[in-house]
Amino acid sequence: MESLFDPLAPEVITLVGSLLDLPSLRSIRLASRPLKLKFTPCFLRYFDIQNVDLTQQGFQRLKDLSSSPDISRSVHTLNLTCVHYHFPPSHEEILGGLEISWKSTTNHPQKNQDHHGMSLVEGEEKKTWMAEQQIQQAGLTGLSMYEQLTQALLALNNLQVITLEAVVVCGPATRCGPEETQYLVWRKLWAQAIQAFRVVMRAISDSEANIQSLIIYQKTKKCSIPTNEVAAAIATTIREDGETGNYRSIKKLAISVATTVVPCRVTKGLCADANFFELFDLTKGRMLNADDPEVDANADVKGVVDLLRLMPMLNSLEIHLYNTTSSTDIPEELPYQLFLSSLFQDRLFPHLERLTLRGLPTTAETMVHIFSTNNRLRYLGLQNVYLTSKSWDYVLDAAVKSCAALEKVQLSNLWRPRGESGGVTNLDYYQITSRKLDSSDPDMRQKRFSCGPDYYVWHTRDIDKGEIEEQGMIDFNASAYSGRGMASWDADCWIRAWMLESGPP
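Below is a short write-up of the structure. (Residues numbered from 1 in each chain as written. Predicted model: local features only at pLDDT ≥ 70, side-chain atom pairs only at ≥ 80, totals over all residues. Heavy atoms only, no water.)

Observations regarding the overall build of the protein chain
- Regarding its fold elements, the protein chain presents 19 helices and 19 strands.
- Considering only contacts in the protein chain between residues 6 or more positions apart, those separated by 24 or more positions represent 81%.
- Surface exposure of the protein chain reaches about 23,700 Å², of which carbon and sulfur atoms provide 51%. (Helix = DSSP H or I, 4+ residues; strand = E, 2+ residues; numbered from the N terminus. Contact = heavy atoms within 4.5 Å. Areas by Shrake-Rupley, 256 points an atom, 1.4 Å probe, with all protein chains shown as cover.)

Remarks on the pairing of strand 5 (residues 213-216)
- Residues of strand 5 alternate between two faces, with Ser213 and Ile215 on one and Leu214 and Ile216 on the opposite face, all of them buried.
- Of the strand pairs in this sheet, strand 3 (residues 161-171) and strand 5 are connected by 4 bridges, and their pairing is parallel. The partner of valine 161 across the bridge, within strand 5, is serine 213.
- Sheet topology places strand 5 next to strand 7 (residues 252-258); 4 bridges connect them, and they run parallel. Bridge pairing in strand 7 links isoleucine 215 to alanine 254. (Buried < 20%, exposed > 50% of the residue type's maximum accessible area, 1.4 Å probe, protein only. Pairing = 2+ DSSP bridges.)

Concerning the pattern of salt bridges
- Counted according to the given criterion, the structure contains 15 salt bridges.
- As a salt-bridge pair, aspartate 206 and arginine 202 come within 2.9 Å of each other at their nearest N and O atoms. Residue aspartate 206 and its partner arginine 202 are both found in helix 10 (residues 186-207); the two are separated by 4 residues, about one turn of the helix.
- Through salt bridges with shared partners, a single ionic network connects Lys221, Glu318, Arg358 and Glu501. (Salt bridge = Lys/Arg side-chain N within 4 Å of Asp/Glu carboxyl O.)

What to know about the environment of leucine 348
- With respect to the element layout, leucine 348 can be found in the loop between helix 14 (339-343) and strand 9 (354-358).
- Sequence separation between leucine 348 and methionine 313 is 35 residues; the distance between their C-alpha atoms is 9.3 Å.
- Filtering out sequence-adjacent residues up to four positions away, leucine 348 remains in contact with Val305, Leu308, Arg309 and Leu343.

Concerning the packing of aromatic side chains
- Going through the model one piece at a time under the given rule, you end up with 7 aromatic pairs.
- When the ring of tyrosine 85 is compared with that of tryptophan 129, the centres are 6.1 Å apart and the planes differ by 70°; the resulting orientation is edge-to-face. Of this pair, tyrosine 85 sits in strand 2 (residues 77-85) while tryptophan 129 sits in helix 8 (residues 120-138); the two residues are 44 residues apart in sequence, bridging distant segments of the chain.
- Residue classification places tyrosine 85 among the buried residues on the basis of a relative accessible area of 13%.
- Among the residues examined, tryptophan 129 registers a relative accessible area of 22% and is labelled partly exposed.
- Seen from their ring centres, tryptophan 186 and tryptophan 190 are 5.1 Å apart, and the 75° between their planes marks the pair as edge-to-face. Of this pair, tryptophan 186 and tryptophan 190 are both found in helix 10, 4 residues apart, which corresponds to roughly one turn of the helix. Tryptophan 190 matches tryptophan 186 in its accessibility class, with the two residues each being buried. (Phe/Tyr/Trp six-rings, centres within 6.5 Å; stacked < 30°, edge-to-face > 60°.)

Next comes the structure, spelled out in structure tokens:
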């Protein structure tokens, strides 16, 4: 077989290798040393992106990857997943006040509902499997996770990207997002998510991994890191010599932080205590009202600022704020009003070119300050941002004037000051026949809502540079939700989608 490949050019070998799956490449490399050399580059490309669960099996796989010099040098992206094994709470636990998450949205049907066709035997087998997995996961201590991940990062010396997301496992073949899970005890999931965050942040610091991108719960719905936990993780990277953890190489950060979740765990001193990496019981906590002074009193915005100070090379930043207070209605007042102004009070980001803000309350004055001190911006994303003063026309005009390099703006569900008519403000509706629409777009119902025959309001739309600069092209108006007659299905769908993004759990 070796002679068949001898006359082939390297480009042809690469083409052949791209058509083979991983087991086939493993087999052909075992045939002879020359074939191993020819197909090794194709083989190693399979390891460029690695998806690893934070479980015993996942860490064993990570150990195997990092033990091979060739493979460890080929891993550039490491996608870590915090795994929560879920079995629905008992009826007595629910009646006893155990907090479960709000029902899923109409666009995210619950995947773990018991099917009528499941037999008693199948049900018992599922319970047995779930109990075994929970016992096995409980045997994986936080300290062990930290030590194994740190050792792996030391070996993965070409690693550039680390992502951390969460998933709910509801059965042997059922993995769900938190928003898809029926009767989810969200505090148990969050406790594991916080533990995983602490492990990852400390492992990056102690391994001195020179990663360029760090993504924390960017895609996972209903799962965020309370601000005080961000502060705790950063405090433990400050060593006795006063040096901080190694985050200076990070150029892209996306993180979802949350408002206060009680009870709050306090980290004593600058170094981690014996239980720093272990699970913390959040299930006995309570939901706070939006106007409860404890929400802002327990916020640690300074901790988030301290995290960003450790990343002076940032050129891309995405901050999402998730509201954990008990109100399920669209709020008149949101906590953390000073969050955004505190983040951008100093000139922390001299290299910032991409900025995405999600779920944050702010003022027009704060936004203008952000644009004036970060005038290298090329991309601006605003989603579920709450403006408490002036107007969005004023804000976007300031962005255009201050940021000469701005090429693209992405707007979604922007909120105007409560005193003005309506509450949500978006791009003006237009006649559907005047613009080309891609009717095959599966997300179309999420991007626009009907407002009478042939008219729609855009709730999400990208705007390129030419449209930004064209005077009068972008108009902000009250949305269909606030009086233009959105159909009841659309209104319900939109409100539930808003809750997924903005909370509460």
